[in-house]
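# An overview of the molecular structure
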Amino acid sequence: MEVVIFDLGKVIFDFDLTKFTSAFSKKTSKKGEDINKLIFEYWDLAASYETGKITSLEFYEQLAKRTHYRGSYNEFSVIWNDMFTPIAGTIEIIAQTAAKHKVAMLSNTNELHFEFLKAAYPQVFLLFSDFYLSYEMNARKPEDEVYKKVISHYGIEPEKLFFTDDLQQNVDAAVRHGIKAYKFTSPADLKRNLQIEGIQI
């Protein structure tokens, strides 16, 4: 096993979307409980942002227009990023793994979230050798293109790549491409799965 690849959300950092929706609703005509629904109704917008088809400012402007949000871009950026909590057990495993193996990140994410987390937790991001981010790759898991790009980058047999993700469909897609992939459920379970593949930490 030559490279150990981690998803970001719900694997390295947990997030609570209700923190965002609660703060966001204070400057809209929408009720707090409706914001989650609105985000999913406008998933085409979120998908465009997450695949780099629109900028952070364009994402804010279009979302604000659709929801009648009255806050500034800077105010939006703050509450958009105020939802993350580090998963200490995973970060400890990453640090231990990085001492012996190359570690990478493969995430469906957006520019605001990634840049915020990298600035807020530099010690975590310094552990990674490579970053595969949907907004830079213009594609998202579980699209085949994502896994093909990762495999091609390393130029090694896909079975020498270990990958963990909290969503089963992303794991299944990786397995179809020959990657040793496991669904993330907890740091303890992750550690067992690493050991199954001969990665001792």
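In every chain, residue numbers begin from 1 and rise along the written sequence. Predicted model: local features are reported for residues with pLDDT of at least 70 only, side-chain atom pairs are reported and counted for 80 or more only, and whole-chain, interface and lining totals are derived from all residues. Side-chain descriptors were evaluated using all non-hydrogen atoms of the structure, hydrogens and water having been removed beforehand.

## A short note on the packing of helix 4 (residues 56-67) against helix 5 (residues 73-81)
- Between helix 4 and helix 5, the shortest axis-to-axis distance is 11 Å and the interhelical angle comes to 95°. It follows that helix 4 is roughly perpendicular to helix 5 by the angle criterion. Residues Ser-56, Leu-57, Phe-59, Tyr-60 and Leu-63 of helix 4 lie in contact with helix 5, whose contacting residues are Tyr-73, Phe-76 and Trp-80. Axis definition: a line fit to C-alpha positions, over the contact stretch in the case of helices; interaxial angles, taken between N-to-C directions, run 0 to 180 degrees. Only runs of H or I of at least four residues qualify as helices and only runs of E of at least two qualify as strands under DSSP, and these elements are numbered from the N terminus. Roughly parallel here means an angle under 35 degrees, roughly antiparallel means over 145, roughly perpendicular means 65 to 115, and every remaining angle is called oblique. The contact criterion used throughout is that any non-hydrogen atoms of two residues lie within 4.5 Å.

## Let's talk about the pairing of strand 6 (residues 161-165)
- Most of strand 6 is tucked away, with 5 of its 5 residues classed as buried.
- Whether a residue is buried, partly exposed or exposed follows from its accessible area with a 1.4 Å probe, protein chains only, as a fraction of its type maximum: under 20%, in between, or over 50%, in that order. Taking every second residue as pointing to the same face, both faces of strand 6 are buried, with Leu-161, Phe-163 and Asp-165 on one and Phe-162 and Thr-164 on the other.
- Strands qualify as paired when DSSP identifies two bridges or more between them. By the bridge criterion, 4 bridges tie strand 1 (residues 3-6) to strand 6 in an arrangement that is parallel. Directly across from Val-3, in strand 6, lies its bridge partner Leu-161.
- Sheet topology places strand 6 next to strand 7 (residues 180-183); 4 bridges connect them, and they run parallel. When the bridges of strand 7 are listed, Thr-164 appears paired with Tyr-182.

## Topic: the nonpolar core
- Among the buried residues, those of types Ala, Val, Leu, Ile, Met, Phe, Trp, Tyr and Cys that are joined through side-chain atoms within 4.5 Å form a nonpolar core. With 44 residues, the main nonpolar core has Ile-12 and Phe-76 as its most contacted residues.
- Core analysis: the second largest hydrophobic core is formed by 20 residues, Val-3, Met-137, Phe-163 and Ala-181 among them.

## Some thoughts on the layout of surface pockets
- If you add up the space inside the largest pocket, you get close to 880 Å³.
- Cavity: a set of points on a 1 Å grid over the protein atoms alone where a 1.4 Å probe fits but cannot get out. Pocket: an open set with protein on both sides within 12 Å along at least five of seven lines, its lining residues, like those of a cavity, having an atom within 4 Å of a point. What lines the largest pocket is a set of 35 residues, and nearest its centre among them are Phe-15, Trp-43, Glu-50, Asn-108 and Arg-140.
- Those elements that place two or more of their residues in the lining of the largest pocket are helix 1 (17-25), helix 2 (32-41), helix 3 (43-50), helix 4, helix 7 (111-120) and helix 11 (168-176).
- Ranked by the residues each element gives to the lining of the largest pocket, the list is headed by helix 3, at 5 residues.
- Residues are sorted three ways: Asp, Glu, Lys and Arg are charged, Ala, Val, Leu, Ile, Met, Phe, Trp, Tyr, Cys and Pro are nonpolar, and all the rest, Gly among them, are polar. Residue classes in the lining of the largest pocket are distributed as 19 nonpolar, 8 polar and 8 charged. Grid points are joined across faces, edges and corners, and a volume is the space filled by probe spheres set on the points.

## Some words on the packing of aromatic side chains
- Each pair of aromatic rings taken from Phe, Tyr and Trp, with Trp reduced to its six-membered ring, is defined by centres within 6.5 Å and is described as stacked if the planes are under 30 degrees apart, edge-to-face if over 60, and tilted in the remaining cases. Overall, the coordinates contain 24 aromatic pairs when judged by the stated rule.
- Where Phe-24 meets Phe-76, the ring centres are 6.4 Å apart and the plane angle is 75°; that geometry is what we call edge-to-face. Of this pair, Phe-24 sits in helix 1 while Phe-76 sits in helix 5, placing them 52 residues apart in sequence.
- A residue is classified by how much of its surface remains accessible, and Phe-24, at 2% relative accessible area, is buried.
- The buried category is assigned to Phe-76, whose relative accessible area is 0%.
- Ring centres of Tyr-60 and Phe-76 lie 5.6 Å apart, and the angle between their planes is 45°; on these two criteria the pair is classed as tilted. A residue pair is termed long-range when its members are at least 10 positions apart, and Tyr-60 in helix 4 and Phe-76 in helix 5 qualify at 16 residues. Exposure class is identical for Tyr-60 and Phe-76. Each is buried.
- Among the aromatic residues, ring-to-ring pairing joins Phe-20, Phe-24, Tyr-49, Phe-59, Tyr-60, Tyr-69, Tyr-73, Phe-76 and Trp-80 into one connected group.
- By definition here, charges over rings are those cases where NZ of Lys or CZ of Arg is within 6 Å of the ring centre and within 35 degrees of the ring normal. Here Lys-10 stacks its cationic end above the ring of Phe-15, 4.8 Å away from the centre of that ring.

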